[in-house]
Every structure is written in C-alpha cells, then in structure tokens.
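# Observations on the three-dimensional arrangement
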Amino acid sequence: MPGIAELPTPALLLDLDVLDANLRWMADRATQLGVALRPHIKTHKCIEVGRLQRDLGARGVTVSTLAEASAFAAHGFDDITWAFPVIPSRLEEVRALAERVTLRLVVDSPEAVAALANLGVRLHVWLKVDCGYHRAGVDPASPDAVRLAERLATAPTLEFDGILSHSGHAYAGPTRAEVRHAAEEERDTMAGFAGDLRERGIRVPAVSVGSTPAMCVIDDLTGVTEVRPGNYAFFDYTQVLLGSCGVRNCALTVLATVISSQPGAVHAVCDAGALALSKDGGHPTAPEPGMGEIFADYETGSLSPDTRLTSLSQEHGRLSAALPVGSRIRILPNHSCLTAACFDAYHVVRGDTVVDEWRIRRER
Ligand SMILES: Cc1ncc(COP(=O)(O)O)c(C=O)c1O
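Here is a short report on the structure shown in this document. (Residues numbered from 1 in each chain as written. Predicted model: local features only at pLDDT ≥ 70, side-chain atom pairs only at ≥ 80, totals over all residues. Heavy atoms only, no water.)

Let's shift gears to the overall build of the chain. Along the backbone of the chain there are 11 helices and 17 strands. Against the globule reference of 21 Å for 364 residues, the chain gives a C-alpha radius of gyration of 22 Å, in line with a compact fold. Counting across all 364 residues of the chain, residues that qualify as buried make up 56%. Taking all contacts inside the chain whose residues are at least 6 apart in sequence as the whole, residues at least 24 apart take part in 66%. (Helix = DSSP H or I, 4+ residues; strand = E, 2+ residues; numbered from the N terminus. Rg over C-alpha atoms; globule rule 2.2 N^0.38 Å. Buried < 20%, exposed > 50% of the residue type's maximum accessible area, 1.4 Å probe, protein only. Contact = heavy atoms within 4.5 Å.)

Below you can see the structure in the form of structure tokens.
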C-alpha cells in the first residue's frame, strides 16, 4: 500500500478510524434519543461510507440529488428520501426510480403535489416544513400548510410519509446555547404541527428533522421519529467552531503542495484552490478569517497558529506564510461536504498509509 507521502496532490484524504468513530457516535446518539437515523449522504456521496452507515443501523438514506439516489439504488439501497423540493423537469427519472426502490419525495407546493399525484406511479411523499430556517418549506402556522397535508393524506396515488424539516439555522450559532435553541425550536415546531394535523384527523406517520449541529446538542427529541444529519460523518472546521466536535474528530483533509514562494515574499501558493476546497469562507466566529486551516501536526490535531489559506482562485491557494516550494501541507476544510464534492475519489487512510480508494458520486 502506498504512503500519503507518495500521493500526487491535490488529494482528498479520508481518515478511516475517525470516520468510523463519527459514524458510531451518531448511530449511538440516535439510539439513545429513541429515533431512527436516516443519514444524509450528500456529505460523502460514497457507496462505501453509506454501507458503513447501514451496517451501523441506518434505516434508509437521505440524498440531495437524483444522481445520488440512482447510484445508491444501483448498489442495493432500497429506501431513499430525496430531501429536496421535487424538480418538475426530472419527473421521468423519479418515475423510473420509484418503480425500482422506495423513493420518498419532498414537496412544499400545490404544484408539486399535483404533479406527483398525476405521475401514474405510487409515491411516498413528505411535506417539507419551515422550522425557522426560512429556506424552503410551508409555514406550519398557515392554513395552506394544513390544506397541503390534507391533499397528501387523501390523494389516492400518494403515500403520506409525514412532515420533514432541516434546522439549517442552527449553523448561525454562534454559541452552543443558540445552536440548542434552534434545535429545540425545530423539535417543538415539528411536534406541535404534527399534533395540530392529528387533531384534524390527518394521520402523520413520521416526523423527520435534522442537521449536524442540532444533533450534537439536543438531548430530548420527544415527538420526533427520525433524524437526517449528514455532515457528522466527516465534520469540519465550521463544526469545530460551533462546538459540535474537536479538530481530532474531523475525518476529511486535503493534501496540497507549495508550488510558489518568492524571495522576500510573506506568502506562498499551494495547489489547492477553490476547485479543491470550494469558496466557503467558513464561520464568522473564526479567530482569523480563512479559506482553510493548516495542520501543524495532524496526529495531535494542532492547527498552525500563523499559517492559513487566506484566498483561493480556481486552482491556486494563497497561504499566509512563506513556506518553501515542495512542502506538503494538510488542510482542514471549512466545509467538508462542498470539499468532497470537488473530488472524484477519497484516498482512504489509516495513519500514513493509503488503504483504499472510494469513488465520489458527484454527478447531478
Ligand atoms: C433537507 C436536509 N436535511 C438534512 C441535511 C443535513 O444537514 P447537516 O449536513 O447539517 O447534517 C441537509 C443539509 O443541507 C438538508 O438540506
């Protein structure tokens, strides 16, 4: 097996032991909280990681693209939630997939409900609810929300799975108390709305919530039946700043090489740019703004206090210190999901040894 030192850069490294510990930790947490875990695989887009999650008890998976759904369906995953408002121009693909596996769709508009009800195949459908994030989802206090739930519950070709939310506003933090507040707001909004619907005689089989920061703080999920965290598989620097994890819990890093450093300059350039790390500028609470942190020592999880990526162009990364050309650096990304989506494969590593290579399904 080759060592990390022999890999061409930029390279995406996935630490197998850290990944394994993260997956076990969340599986245990879901068990303790009394909810099913349906991990969001958009973070890794990788069949092998999905299999590890399934072996640890995941009940189905969540995807963000139809390409992820197709790839996982082709590898024996037969219960898939596409947690994205249905795209009208992709309904033929939806129909084909729904004939092969249990495909669960998400809607928040009468147009989408009508389109699915008329597709001519029996479909499972969640009603997407806005739990305070204000991105997509019906307002649970509005009469429109109840009307849509009624239509889903009574449409002869649809199976109403229940209500689904994503607490993306937990990422704002900045304190752990505020993350907890967002998580509790999601739980209370969803449990309350499920109760309202049930009082009106509408059967709500399941209540699905989730984001990684919320799952890292919440200690009571009464009224919820399922959670869908994704990022926890890898974690990243944003999660470190939010208090979800420590640096040693981050499983995904980018290996890069310094390719330019001019005499007298106070900076250097490496070969990891925006197409290796994305342009995610990280969390506003970072002590120093940066596009990626550099490990001083990966094994102990210590980050360099004075060297970080200060800006990225397409393939260039600008470093805040004048490192010699040829030096190799290991970068902790701000956002692991977007970083993984920049690469075709993970180099799976244990210590300094590359033990495997796993494909990333980043088609759309
Ligand atoms: C609908 C939905 N559910 C679940 C998640 C998982 O969130 P996280 O990656 O914070 O765990 C996301 C992430 O964007 C999402 O959009």
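Once that is clear, we can look at the environment of A172. Tracing the sequence through the fold places A172 in the loop between β7 (158-164) and α7 (176-199). Note on A172: relative accessible area 52%, which makes it exposed. Sequence separation between A172 and G351 is 179 residues; the distance between their C-alpha atoms is 34 Å.

Here we take up the site of the ligand. The environment of the ligand is made up of 15 residues, and the closest members are K42, Y171, T212, R228 and G230. At 2.5 Å, a side-chain N or O of Y171 approaches an oxygen atom of the ligand. In this structure, an oxygen atom belonging to the ligand sits 3.1 Å away from a main-chain N or O atom of N231. Cavity membership is defined here by more than half of the atoms lying within 2 Å of grid points; on that basis the ligand lies in the largest pocket. Of the residues contributing to the shell around the ligand, the split by class is four nonpolar, seven polar and four charged. (Near = heavy atom within 4 Å. Polar contact = N/O pair within 3.5 Å; in protein donor to acceptor, adjacent residues only side chain to side chain. 1 Å grid on protein atoms, 1.4 Å probe; cavity = no way out; pocket = protein on both sides within 12 Å on 5 of 7 lines; lining within 4 Å. Sits in = over half its atoms within 2 Å of the grid points. Nonpolar A, V, L, I, M, F, W, Y, C, P; charged D, E, K, R; others polar.)

Attention shifts here to the packing of aromatic side chains. Within this structure, the stated rule accounts for five aromatic pairs. Between the aromatic rings of F295 and Y298, the centroid separation amounts to 5.0 Å while the plane-to-plane angle is 70 degrees, which identifies the pairing as edge-to-face. Like Y298, F295 is buried. Seen from the ring of Y298, R248 lies directly overhead, with NZ or CZ sitting 5.4 Å from the centre. (Phe/Tyr/Trp six-rings, centres within 6.5 Å; stacked < 30°, edge-to-face > 60°. Lys NZ or Arg CZ within 6 Å of the ring centre and 35° of its normal.)

On to empty space enclosed by the protein. One way to see where empty space is left: roll a probe the size of a water molecule over the atoms. Summed over the entire model, instances satisfying the criterion amount to two cavities of 30 Å³ or more. Considering only enclosed or pocket space, the largest cavity measures out at about 40 Å³ in volume. For the largest cavity, the full set of lining residues is A183, E186, V209, G210, A214, M215, I218 and L221. The set of elements that each furnish at least two residues to the lining of the largest cavity consists of α7 and α8 (212-217). In the lining of the largest cavity, the residues fall into six nonpolar, one polar and one charged. One number sums up the size of the second largest cavity: a volume of about 30 Å³. (Points joined across faces, edges and corners; volume = space filled by probe spheres on them.)

Cis rather than trans, the peptide bond between T9 and P10 has omega equal to 0 degrees. With an omega of -5 degrees, the peptide bond running from G173 to P174 counts as cis. In this fold, P174 is placed in the loop between β7 and α7. Phi angles above zero are rare outside glycine, and H134 is one such case at about 60 degrees. Looking at the secondary structure, you find H134 in the loop between β6 (123-128) and α6 (143-154). We classify H134 as exposed; its relative accessible area is 65%.

Below, the discussion takes up the sheet that holds strand β8 (residues 206-209). With respect to topology, eight strands assemble into an open sheet ordered β2-β9-β8-β7-β6-β5-β4-β3, the strand pairing being parallel. Two strands close off the open sheet at either side, each with one partner strand: β2 (36-37) and β3 (61-63). Across two bridges, the pairing between β8 and strand β9 (residues 226-227) is parallel. Following the sheet pairing, S208 is matched in β9 by E226. (Pairing = 2+ DSSP bridges.)

Let us look at the layout of surface pockets. Taken as a whole, the largest pocket holds about 1000 Å³ of empty space. Forming the walls of the largest pocket are 43 residues, and the residues nearest its centre are H40, K42, S64, R135 and H335. Listed by contribution, the elements that provide at least two residues to the lining of the largest pocket are β4 (79-85) and α11 (336-340). The greatest single-element share of the lining of the largest pocket, amounting to four residues, is contributed by β4.

Its 18 residues place the ends of helix α1 (residues 16-33) 26 Å apart at the C-alpha level, agreeing with the 26 Å of an ideal helix rising 1.5 Å per residue. Of the positions making up α1, those classed as buried are L16, V18, L19, N22, L23, M26, A27, R29, A30 and L33. Capping the start of α1, D15 holds a side-chain oxygen 3.2 Å from the backbone nitrogen of D17, two or three residues further along. Two residues or fewer after α1 comes G34, characterised by a positive phi angle close to 75 degrees. (Expected span 1.5 Å × (residues − 1).)

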